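Chain by chain, the residues:
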Amino acid sequence: MITHLWDRLADAKSRLDPVQSKYRVLFENPAEPKEPASVLVPDPNFMAAALAGDVLPPIDTYIRDQSVPDGQPKEHPYAEPVGAMTEEEAIEYLVMKDISPSIWRDYKGNRSIMKIVPVELIPTNRSFRNAWEIAQ
Amino acid sequence: MGTLNVLNITNGTDTVATGYAINGSAKAWVNLTQVSTQTIGDSLNVSSLTDLGTGQTRISFSSNMSNDDFAGSFYTMASAGENSSNFGNHYAGGFGDKAVASVQAYSHNGSAGVDSGVLDIIIMGELS
């Protein structure tokens, strides 16, 4: 019997050491060109679960669940868990899960609106944070 | 991983229905900093944070909530420091754009967003 995803996450947290990813995902929303670039930061417990395997559901269940109305049962909590991922595969999984498909799948423009970069390339000085944009 | 199916939990004196424990426990929590490169310290049921700008962070859940009417608790230093001498939490801040898969948190100094050295979030409600 497959247990609920939340129970698997709680179990994984109790037995896995957290993993701080060496990657960040920079992205811009083409629907809001005046907004600064966003930076996705992977959660260390999520990364540990992804690298260990047998915790997280297939990514396509999350994508299908985006069209399920609120309050209706979702597919991802009880989906068969996937196996271990590499760190790079886990980042791709997060892009598809936590960033709008309008950015990673549907955008057809010429401007580069998403980049996966080492954390060292993210500025630590936030004086002009609300003016950040992706260098072309 | 085994499963206990019980209606009540007791310590021999007091008895409560398991629903109290299930419905009354946090479904997600996170400790993070918005200073420098925003970073998660520790968490449960969180897949990522997204740094949206000064004082603005979106928290994405690994296991979705059932609806966007969940409740939450929010603590912000509302200053870049992390110690009691840095308290700026008389300032404003809170949640915005709640959704089944994420919630946005804003640290605010009353007139503009401010990066907070410590931001703690607890989410209560029903899981999907």
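Residues numbered from 1 in each chain as written. Chains lettered and ligands numbered in written order. Predicted model: local features only at pLDDT ≥ 70, side-chain atom pairs only at ≥ 80, totals over all residues. Heavy atoms only, no water.

Caption draft 1: The arrangement of the overall build of chain A in detail. Within chain A one finds five helices and three strands. Counting only residues that meet the buried cut, chain A has 46% of its 136 residues in that class. Within chain A, contacts between residues separated by at least 24 positions form 73% of all contacts whose residues are at least 6 apart in sequence. (Helix = DSSP H or I, 4+ residues; strand = E, 2+ residues; numbered from the N terminus. Buried < 20%, exposed > 50% of the residue type's maximum accessible area, 1.4 Å probe, protein only. Contact = heavy atoms within 4.5 Å.)

Caption draft 2: Expanded view of the pattern of salt bridges. One pass over the full model with this rule turns up 11 salt bridges over all chains. Between Asp115(B) and Arg126(A) there is a salt bridge whose closest N-O contact spans 2.6 Å. Of the two residues, Asp115(B) sits in the loop between strand S9 (102-107) and strand S10 (119-124) while Arg126(A) sits in the segment after strand S3 (114-118), which places them in two different chains. Here Asp115(B) and Arg126(A) have matching classes, each one buried. (Salt bridge = Lys/Arg side-chain N within 4 Å of Asp/Glu carboxyl O.)

Caption draft 3: Focus on the confidence of the model for chain B. Residue and element names in this part refer to chain B. Looking at chain B, the pLDDT average stands at 87 and 92% of residues meet or exceed 70. Mean pLDDT across the secondary structure elements of chain B bottoms out at helix H1 (residues 18-24), with 73, and peaks at strand S5 (residues 46-53), with 98. For this predicted complex, the interface confidence reaches an ipTM of 0.96, while the overall pTM sits at 0.92. (pLDDT = per-residue confidence, 0-100.)

Caption draft 4: Layout of the side chain of Ser43(B). Its place among the elements puts Ser43(B) in strand S4 (residues 39-44). When its relative accessible area of 0% is taken as the criterion, Ser43(B) is described as buried. At a separation of 2.5 Å, a polar atom in the side chain of Ser43(B) contacts the side chain of Asp43(A). Excluding residues that lie within four positions of it along the chain, Ser43(B) makes contacts with Lys13(A), Asp43(A), Asn45(A), Trp29(B) and Val30(B). (Polar contact = N/O pair within 3.5 Å; in protein donor to acceptor, adjacent residues only side chain to side chain.)

Caption draft 5: Layout of the pairing of S9(B). Residue and element names in this part refer to chain B. Of all six residues making up S9, five are buried, and the element is well covered by its neighbours. Across five bridges, strand S6 (residues 56-61) lies against S9 in antiparallel orientation. Among the inter-strand pairings, Thr 57 is bridged to a residue of S9, identified as Ala 105. Here strand S8 (residues 93-99) pairs with S9 via five bridges, running antiparallel. Looking at the pairing, Phe 95 lines up with Ala 105 of S9. Once S8 ends, the chain turns through two residues before running back antiparallel as S9. (Pairing = 2+ DSSP bridges.)

Caption draft 6: View of the sheet that holds S6(B). Taken in spatial order, the seven strands line up as S3(A)-S1(A)-S2(A)-S5(B)-S6(B)-S9(B)-S8(B) in an open sheet, and their pairing is antiparallel. Strand pairing shows two members of the sheet lacking a second neighbour, S3 of chain A together with S8 of chain B, which therefore form its edges. With strand direction ignored, the average angle separating the axes of adjacent strands in the sheet is 25°. (Axes fitted to C-alpha atoms, helices over the stretch in contact; angles between N-to-C directions.)

Caption draft 7: Spatial organisation of empty space enclosed by the protein. In this structure the tally under the stated criterion is two cavities of 30 Å³ or more. Estimated volume of the largest cavity: approximately 110 Å³. Going through the elements one at a time, helix H1 (5-15) and helix H2 (44-52) of chain A together with S4 of chain B are the ones with two or more residues in the lining of the largest cavity. Take the lining of the largest cavity: its biggest share by element is four residues, from H2(A). Class assignment of the residues belonging to the lining of the largest cavity gives a composition of eight nonpolar, four polar and two charged. By volume, the second largest cavity amounts to about 30 Å³. Residue lining of the second largest cavity: Ala28(B), Trp29(B), Val30(B), Val46(B), Ile59(B), Phe61(B), Val103(B), Ile121(B) and Ile123(B), and that is the complete set. Residue assignment for the lining of the second largest cavity shows that the elements contributing at least two residues are strand S3 (28-33), S6 and S10 of chain B. (1 Å grid on protein atoms, 1.4 Å probe; cavity = no way out; pocket = protein on both sides within 12 Å on 5 of 7 lines; lining within 4 Å. Points joined across faces, edges and corners; volume = space filled by probe spheres on them. Nonpolar A, V, L, I, M, F, W, Y, C, P; charged D, E, K, R; others polar.)

Caption draft 8: Main features of the interface of chain A and chain B. At the junction of the two partners, chain A supplies 41 residues and chain B supplies 38 residues. Buried surface at the junction of chain A and chain B, summed over both partners, amounts to about 3000 Å²; 49% is from carbon and sulfur atoms. Inspection of the chain A/chain B interface yields four salt bridges. As a salt-bridge pair, Asp51(B) and Arg126(A) come within 2.8 Å of each other at their nearest N and O atoms. Across the contact surface, chain A and chain B share 25 residue pairs in polar contact (both at pLDDT 80 or more). Elements supplying a minimum of two residues to the side of chain A that touches chain B: H1, strand S2 (38-42), H2 and helix H4 (87-98) of chain A. (Buried area = accessible area lost by both parts, 1.4 Å probe.)

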